[in-house]
Amino acid sequence: MASMLTLLMVFLLLSLYTFSLVSSHQHHPLDPLTPSEFTLVQTIVKKSYPTPNHNLTFQYIGLDEPDKPTILSWLSNPDSTSPPRRALVTIRLKKESHDLIVDLTTSSLVSDNVYLGHGYPLLTFDEQDAASALPETYEPFIKSIEKRRLNLSDVLCTTYTAGWYGEVESKKVLNLQCYYKEGTINFYLRPVEGILLVVDLDEMKIVEYYDRSIAPVPKAQGTDYRASMQKPPFGPHPNGATFGQPDGPGFKIDGHNISWANWIFHLGFDQRVGPIISLASVYDVEKQTNRRVLYRGFISELFVPYMDPTEDWYYKTFFDCGEFGFGQSAVSLQPFADCPANAVFRDAYYAGQDGVPVKISNALCIFERYAGNIMWRHTESEISDEVIREVRAEVSLVVRMVAVVGNYDYIIDWEFKPDGTIKLGVGLTGVLEVKGVTYTHTDEIREDVHGTLLANNTIGIYHDHFLTYYLDLDVDGEANSFVKNNLETIRTTNQSSPRKSYWTVVSETAKTEEEARIQLGLNQLELIVVNPNKKTKLGNNVGYRLIPGSVAHPLLSYDDYPQIRGAFTNNNVWVTPYNKSEKWAGGAFVDQSRGEDTLAVWSLRNREIENKDIVLWYTIGFHHVPSQDEFPVMPTLSGGFELRPNNFFDSNPVLKTRAPSVVPGPNCTAQG
């Protein structure tokens, strides 16, 4: 009997060993960390600190992706041994921040460096929740609420980063502002003005308290946005619509690899930046091969400065990726509303403050969009006795995430089109950040109130949204160049034409980082990333063109403290040589940072970028002047930009694209 048990144990161990080999082999090197890997990181780190570690907190755990040459080498022979799986970990211990590298393959701690610079790591939800609860038992705060004749049980406080405003010394602190939720769930529209609390997160106690003024708390009436709470008259009621795919989805998901139409790419997820698109390649029908377009892309930082410089508001300048975590702020998407009926959903994971994996159900959705758009068309009626009409309907593939950072909801789309275009979309919605005031009509206002009167006693504060994208384009290979096609007016100098002018293209290849810094809108130009080593049959450099979207420039002075920290928005476009460590535009430790480790600082080295492995950084911006139409909840404000083929193909890549199968609807008729 004993021998039978021994054999059974050996069999089980061999089975587990074989399973582990298969599982590790199946890992794509860029796959996000799994729940079991988060748990392994937690175990390894805690074992590395055998002394009591009750104050050890995990601020960030993410994939430490292998160096790019390692990935490209593995891709050339995917049957070879996968690169080691490693995690990049930031912990807080004994009031110090540590950067760790954990090797998951060997279950070992590779490096442990104490961060000695300025700034603090990503905030966790746990520490924010703990800080928000402190005012409930803080006697000065209780007296302030009683003075305002408010019910303490209906007051809730939320966290705001403190920023940096020239202080020499700093502590890991958060500011708290409080709201009144009596009569509405839309508490952001009922601020309790005049009260500011400062919490030391290392000590988890209130260290500063201010009650400077009293302003009316805006009324709850008309602020609730829930459908169940609305009363007649109601708005328009669109008829129902369906989107059918009788043959099922047109895309395939294999692990984190997605293939659709002529596209193949890898979809990752990160606690800090959210969705990451990697290894995006488009299939060239004529060349019968997949051609690389994008090695890696994600939103690197989101800078949101508010424009009220007064004592209780000046600090409201936020970095939503580096301070609050865009990925961990992702919310579960609602089928049939956030995503259409044909969507496929994916869960995402990140590590909580205790290192335990946290699941976000339905964090991402993937769907084919058939919105009635036209991919290409032409009608020719100049040929006698014949009308030629050719139309191709456009179908695209969308990857979507929604992040909710405080009062704002951000809808993030990556859209892939059959013609080789990648369209990156941003939608801003949610609830405006407002300030309680005494005014009930614009006639009463005699000063700059830094915003718009949206309702009685309610000012919507002016602010900006700047989203900086990291785009490591590999156009048909790693060695690329950045070309500025300047559109210049030419005056005719001879008498052969009645025209007095025309415009032409004057191309300029940026040789250094300085030559690639662009503030859009000042000149007429086209921006293209080309592969100078690859040409079309006709001799043009193959490339991809940046088609900008909403153009906005920072209006803060460059010496203003928030803008020093957000200097990566000073230009709409930057180009840098690839460097694995340069991926977060606002720096690694953004909370209370001082602008010493940003894209703007890296670029000062003015490195060579011609015919190099380069990264394109693009910032899309919105200057937001709130309006009454955005109260009490904001209709989605949309923006975006495109990466579009530019002499990448020898001819129109969708000329021979077959139209999707027609599924007639009940009221579908054709007249001709």
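Just so it is clear, the structure is predicted and the values come from calculations on it, not from any experiment. (Residues numbered from 1 in each chain as written. Predicted model: local features only at pLDDT ≥ 70, side-chain atom pairs only at ≥ 80, totals over all residues. Heavy atoms only, no water.)

A. The arrangement of the overall build of the chain in detail. Regarding its fold elements, the chain presents eight helices and 32 strands. The C-alpha atoms of the chain give 28 Å as radius of gyration, which agrees with the globular expectation for 672 residues (26 Å, within 12%). Burial analysis of the chain (672 residues in total) assigns 50% to the buried set. Pairs at least 24 residues apart make up 67% of the contacts formed inside the chain by residues separated by at least 6 positions. With an accessible surface of roughly 32,400 Å², the chain has 53% of that area assigned to carbon and sulfur atoms. Positive and negative side-chain charges of the chain, numbering 59 and 81 respectively, have mean locations separated by a distance of 2 Å. (Helix = DSSP H or I, 4+ residues; strand = E, 2+ residues; numbered from the N terminus. Rg over C-alpha atoms; globule rule 2.2 N^0.38 Å. Buried < 20%, exposed > 50% of the residue type's maximum accessible area, 1.4 Å probe, protein only. Contact = heavy atoms within 4.5 Å. Areas by Shrake-Rupley, 256 points an atom, 1.4 Å probe, with all protein chains shown as cover. Lys, Arg positive; Asp, Glu negative; His and termini not counted. Charge placed at Lys NZ, Arg CZ, Asp CG, Glu CD.)

B. Expanded view of the packing of aromatic side chains. Tallying each qualifying case throughout the model produces 31 aromatic pairs. Their ring planes at 65° and their centres at 5.8 Å tell us that Tyr179 and Phe187 sit as a pair that is edge-to-face. With a centroid separation of 6.0 Å and 55° between ring planes, the pair formed by Trp602 and Trp617 is classed as tilted. One end of the pair, Trp602, is in helix α8 (residues 599–602); the other, Trp617, is in strand β31 (residues 612–624), with 15 residues separating them in the sequence. Of the two residues, Trp602 and Trp617, neither departs from the other in class, the shared state being buried. Of the aromatic side chains, those joined through ring pairs into one cluster are Tyr160, Tyr306, Trp313, Phe318 and Phe324. (Phe/Tyr/Trp six-rings, centres within 6.5 Å; stacked < 30°, edge-to-face > 60°.)

C. A look at the state of the cysteines. Scanning the entire structure with this criterion turns up two disulfides. Covalently, Cys157 is tied to Cys178 through a disulfide, its sulfur atoms 2.1 Å apart. Looking down the S-S bond of the Cys157 and Cys178 bridge, the torsion is 90°, so its handedness is right-handed. Remark: Cys178 occurs in strand β6 (residues 173–180) and Cys157 occurs in strand β5 (residues 155–161); sequence separation between them is 21 residues. What makes Cys178 buried here is its relative accessible area of 1%. Cys339 shares a disulfide with Cys365; S-S distance 2.1 Å. On the sign convention where negative means left-handed, the S-S torsion of about -90° between Cys339 and Cys365 marks this disulfide as left-handed. Here Cys339 is found in the loop between α6 (320–324) and β15 (344–351), whereas its partner Cys365 is found in strand β16 (residues 357–369), with 26 residues between them in sequence. Take Cys339: its relative accessible area is 2%, and that puts it in the buried class. Counting its disulfide-bonded cysteines in sequence order, the chain shows a connectivity of 1-2, 3-4. Looking at Cys321, it has no disulfide partner, and the nearest cysteine sulfur is the one in Cys365, 19 Å off. (Disulfide = S-S within 2.5 Å.)

D. Summary view of the sheet that holds strand β7 (residues 191–200). The sheet built from four strands is open, its strands ordered β5-β6-β7-β8 with antiparallel pairing. With one partner strand each, in any of the chains shown, β5 and β8 (205–211) form the two edges of the open sheet. Taken pair by pair, the neighbouring strands of this sheet meet at an average axis angle of 30°, ignoring direction. The pairing of β5 with β6 spans seven bridges and is antiparallel. Bridging across to β6, Thr161 finds its partner in Leu174. Seen against the sheet, helix α4 (residues 125–133) touches β5, β6 and β7 and runs at an angle of roughly 130° to β5. Docked against the sheet, helix α5 (residues 139–147) engages β5, β6, β7 and β8, running at close to 30° with respect to β8. (Pairing = 2+ DSSP bridges. Axes fitted to C-alpha atoms, helices over the stretch in contact; angles between N-to-C directions.)

E. Geometry of the pairing of strand β29 (residues 541–547). Alignment of strand β28 (residues 525–535) against β29, held across six bridges, turns out to be antiparallel. Counted as the bridge partner of Leu527 is Leu546 from β29. Between the end of β28 and the start of β29, which pair antiparallel, lie five residues, with Gly539 showing a positive phi angle near 100°.

F. Spatial organisation of helix α2 (residues 35–48). The terminal C-alpha atoms of α2 lie 20 Å apart, and with 14 residues this matches the ideal 20 Å at 1.5 Å per residue to within 8%. Among all positions of α2, only Glu37, Phe38, Val41, Gln42, Ile44 and Val45 are buried. For α2, the elements touching its buried residues are β1 (57–63), β2 (86–93), β3 (96–103), β4 (108–115), β15 and β16. (Expected span 1.5 Å × (residues − 1).)

G. Representation of the sheet that holds β1 within the structure. Taken together, four strands build an open sheet; the order of strands is β1-β2-β3-β4 and the sheet is antiparallel. Of all the strands in the sheet, just β1 and β4 have a single pairing partner and so form its edges. With direction set aside, neighbouring strand axes in the sheet form an average angle of 20°. Taken together, the seven bridges between β3 and β4 define a ladder with antiparallel strand orientation. Across the sheet, the residue bridging to His98 is Val114, located in β4.

H. Expanded view of empty space enclosed by the protein. Per the stated rule, a full pass over the model turns up four cavities of 30 Å³ or more. For the lining of the largest cavity, the secondary structure elements donating two or more residues are β1, β11 (263–270) and β13 (289–305). Ranked by residue count, the leading element in the lining of the largest cavity is β11, at three residues. In terms of residue class, the lining of the largest cavity is built from nine nonpolar, one polar and four charged. (1 Å grid on protein atoms, 1.4 Å probe; cavity = no way out; pocket = protein on both sides within 12 Å on 5 of 7 lines; lining within 4 Å. Points joined across faces, edges and corners; volume = space filled by probe spheres on them. Nonpolar A, V, L, I, M, F, W, Y, C, P; charged D, E, K, R; others polar.)

I. Quick look at the confidence of the model for the chain. Averaged over all residues, the pLDDT of the chain equals 93, while 94% of them reach at least 70. The low-confidence segment residues 1–25, where pLDDT is below 50, has five contacts with residues more than four positions distant or belonging to other chains. (pLDDT = per-residue confidence, 0-100.)

J. Highlighting the pairing of strand β23 (residues 451–455). The sheet contact formed by β23 and strand β24 (residues 458–461) spans four bridges and is antiparallel. Looking at the pairing, Ala455 lines up with Thr458 of β24.

K. Expanded view of the nonpolar core. By size, the foremost hydrophobic cluster in this structure holds 108 residues, and its most contacted members are Phe326, Trp414, Tyr469, Leu471 and Phe482. Core analysis: the next-biggest nonpolar cluster, separate from the first, contains 23 residues, Leu88, Ile276, Phe298 and Trp617 among them. (Core = buried A, V, L, I, M, F, W, Y, C linked by side-chain atoms within 4.5 Å.)

L. Just the pattern of salt bridges, in detail. For the structure on display, the rule yields 39 salt bridges. Measuring nitrogen to oxygen at the nearest pair gives 2.4 Å for the salt bridge that ties Arg212 to Asp312. Here Asp312 lies in the loop between β13 and β14 (317–319) and Arg212 lies in the loop between β8 and β9 (251–254), a separation of 100 residues in the sequence. Bridged by salt links that share partners, the residues Lys68, Asp472, Asp474 and Asp613 form one connected network. (Salt bridge = Lys/Arg side-chain N within 4 Å of Asp/Glu carboxyl O.)

M. Summary view of the side chain of Gln592. You can see Gln592 is positioned in the loop between β30 (573–577) and α8. Overall, Gln592 belongs to the buried group, its relative accessible area being 6%. In terms of polar contacts, Gln592 uses its side chain to reach the backbone carbonyl oxygen of Lys171, at 2.9 Å. When neighbours within four sequence positions are excluded, Gln592 is seen to be in contact with Gly119, Tyr120, Gly163, Trp164, Ser170, Lys171, Lys172, Val173 and Arg565. (Polar contact = N/O pair within 3.5 Å; in protein donor to acceptor, adjacent residues only side chain to side chain.)

N. Focus on the environment of Ile620. Turning to its location among the elements, Ile620 is positioned in strand β31. The spatial distance from the C-alpha of Ile620 to the C-alpha of His553 is 9.2 Å, given a sequence separation of 67 residues.

O. Fine view of α5. Taken residue by residue, α5 has Phe141, Ile142, Ser144 and Ile145 as its buried positions. Along α5, the residues classed as buried sweep out an arc of 160° about the axis, all on the same side. More than 90 degrees from the buried face of α5, the exposed residues found are Lys143 and Glu146. Looking at the buried side of α5, the elements it contacts are β5, β6, β7 and β8. (Arc of directions from axis to C-beta.)

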